[in-house]
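Residues per chain are reported as follows:
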Amino acid sequence: RADRLDPKVWAEIEGFIRNPGRVLERLANQEKERETRMAAIDHDLAKLDRELATDQEQRGRIITAYRKGLLTEEDVQAQLRELDAELATLREEREQLYDARERLLKAAVHGDEIIRLLQRLGEGLEYVTFAEKKEIARLLIRDIVVRTVEEGEKRIPVAEVTYVFEESTMLEAP
């Protein structure tokens, strides 16, 4: 019954908001991982930029060789097609890396927002209305699964609360 479960769920949420240490720790770990991945992406981008510059220089050398009569027109066209295919691949890889970098930056902003939200929520919990409690629960909880556990001859309803941060807590329902 939701009317008997709601106070326990809210008590769990309130405890979580007042002591979000596990979440903050997880967010800090995610930030370290994000920084490591960002450094790897930046390294790969620099490498791709060098390769793109080298290919552009190579294009110039091919054209210079043609002007000097060292290559035929067919040779130049074949080498330029090969070079263009390589450039297209490098540019596509570069675009994918920029997309991955952008996703990492957006994820970092999301983590900062979560921290600020939890800090603000903790400051005014005693003044929260029922409607605000529902909204907070909606924002923080991914799902609640209620199941029945057999203990001897008793059947006890148990609720599992899973936060959007993948933190899960078991509550014995009344």
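Before any of the text, the structure's been laid out above.
Here goes a summary of the coordinates provided. This one's a predicted model, so the numbers in the text were calculated from it and none came from an experiment.

What about the overall build of the protein?
Counting secondary structure elements, the protein contains four helices and three strands. Going from the N terminus to the C terminus, the protein shows its helices and strands as α-α-α-α-β-β-β. Against the compact-globule benchmark of 16 Å for 174 residues, the protein has a radius of gyration of 29 Å, which places it well outside the compact range. Projecting the C-alpha coordinates of the protein onto the three principal axes gives extents of approximately 95 × 40 × 25 Å. For the protein, the exposed area adds up to about 12000 Å²; of that, 50% sits on carbon and sulfur atoms. The average position of the 30 basic charges and that of the 39 acidic charges among the side chains of the protein differ by 3 Å.

What to know about the pairing of strand β1 (residues 141-151)
Taken together, the ten bridges between β1 and strand β2 (residues 154-163) define a ladder with antiparallel strand orientation. Within β2, the position partnered with Thr 148 by the bridge is Pro 157. Here β1 hands over to β2 after two residues, with Gly 152 in that stretch at a positive phi of 65°.

Details of the side chain of Asp 55
The residue Asp 55 is located in helix α2 (residues 21-67) in this model. Within the buried set, Asp 55 has no salt-bridge partner at all; the shortest N-O distance to an opposite charge, 7.4 Å, is to Arg 61. Excluding residues within four positions of it along the chain, Asp 55 makes contact with Leu 83, Glu 86, Leu 87 and Leu 90.

Observations regarding the nonpolar core
Ranked by size, the top nonpolar core spans 20 residues in total, and within it Ile 13, Ile 17, Ile 136 and Leu 140 carry the most contacts. Counting residues per element, the ones that place at least two in this core are α1 (2-18), α2, α3 (73-123), α4 (130-140) and β2. Ranked by residue count, the leading element in this core is α1, at six residues. In terms of nonpolar packing, the next biggest core, distinct from the first, is built from 14 residues, Ile 41, Leu 52, Leu 83 and Ala 100 among them.

Thoughts on α1
Helix length check: α1 (17 residues) gives 23 Å between terminal C-alpha atoms against 24 Å at 1.5 Å per residue, within 8%. The complete set of buried residues in α1 reads Leu 5, Val 9, Trp 10, Glu 12, Ile 13, Phe 16 and Ile 17. For α1, the angular spread of the buried residues around the axis is 165°, confining them to a single face.

So, the pattern of salt bridges
Think of it this way: side chains of opposite charge can pair up when their charged atoms draw near. In this structure the tally under the stated criterion is eight salt bridges. Arg 18 is the partner of Glu 14 in a salt bridge, and the nearest nitrogen-oxygen pair spans 3.2 Å. Of the two residues, Glu 14 and Arg 18 are both situated in helix α1; the distance of four residues between them amounts to about one turn of the helix. Looking at Arg 18, the relative accessible area reads 46%, which means it is partly exposed. A salt bridge links Asp 42 to Arg 101, with the shortest nitrogen-to-oxygen separation between them at 2.7 Å. Of this pair, Asp 42 sits in helix α2 while Arg 101 sits in helix α3, placing them 59 residues apart in sequence. The exposure class of Arg 101 is partly exposed, given its relative accessible area of 25%.

Let's talk about α2
Relative to the 69 Å expected for 47 residues at 1.5 Å per residue, α2 spans 68 Å between its end C-alpha atoms, a close match to the ideal helical length. Phi turns positive, to about 80°, at Gly 69, one or two residues after α2.

The rules behind these values
- Residue positions are counted from 1 within each chain, in the order its sequence is given.
- Residues qualify for local features only when their pLDDT is at least 70, as the model is predicted, and side-chain atom pairs are given and counted only at 80 or more; totals for whole chains, interfaces and linings, by contrast, use all residues.
- Excluding hydrogens and water, the side-chain figures rest on all heavy atoms present in the structure.
- Secondary structure is summarised from DSSP: a helix means a run of H or I of at least four residues, a strand means a run of E of at least two, and numbering begins at the N terminus for each.
- Taken over C-alpha atoms, the radius of gyration is set against a globule rule of 2.2 Å times the number of residues to the power 0.38.
- Only the protein chains shown count as cover for residues, and all accessible areas are computed by the Shrake-Rupley method using a 1.4 Å probe.
- Counted as positive: Lys and Arg. Counted as negative: Asp and Glu. His and the chain ends are not counted at all.
- Taken as the charge location is NZ of Lys, CZ of Arg, CG of Asp or CD of Glu.
- In this analysis, strands are considered paired if DSSP registers two or more bridges between them.
- Three labels apply to residues, based on accessible area from a 1.4 Å probe with only protein chains included: buried if under 20% of the type maximum, exposed if over 50%, partly exposed otherwise in between.
- Any Lys or Arg side-chain nitrogen located within 4 Å of an Asp or Glu carboxyl oxygen qualifies as a salt bridge.
- Here a residue-residue contact requires only that any non-hydrogen atoms of the pair lie within 4.5 Å.
- Put simply, a nonpolar core is a bunch of buried Ala, Val, Leu, Ile, Met, Phe, Trp, Tyr and Cys residues held in one set by side-chain atoms that sit within 4.5 Å of each other.
- A helix's residues, less one, multiplied by 1.5 Å, set its expected span.
- The arc in question is traced by the directions running from the helix axis to the C-beta atoms.

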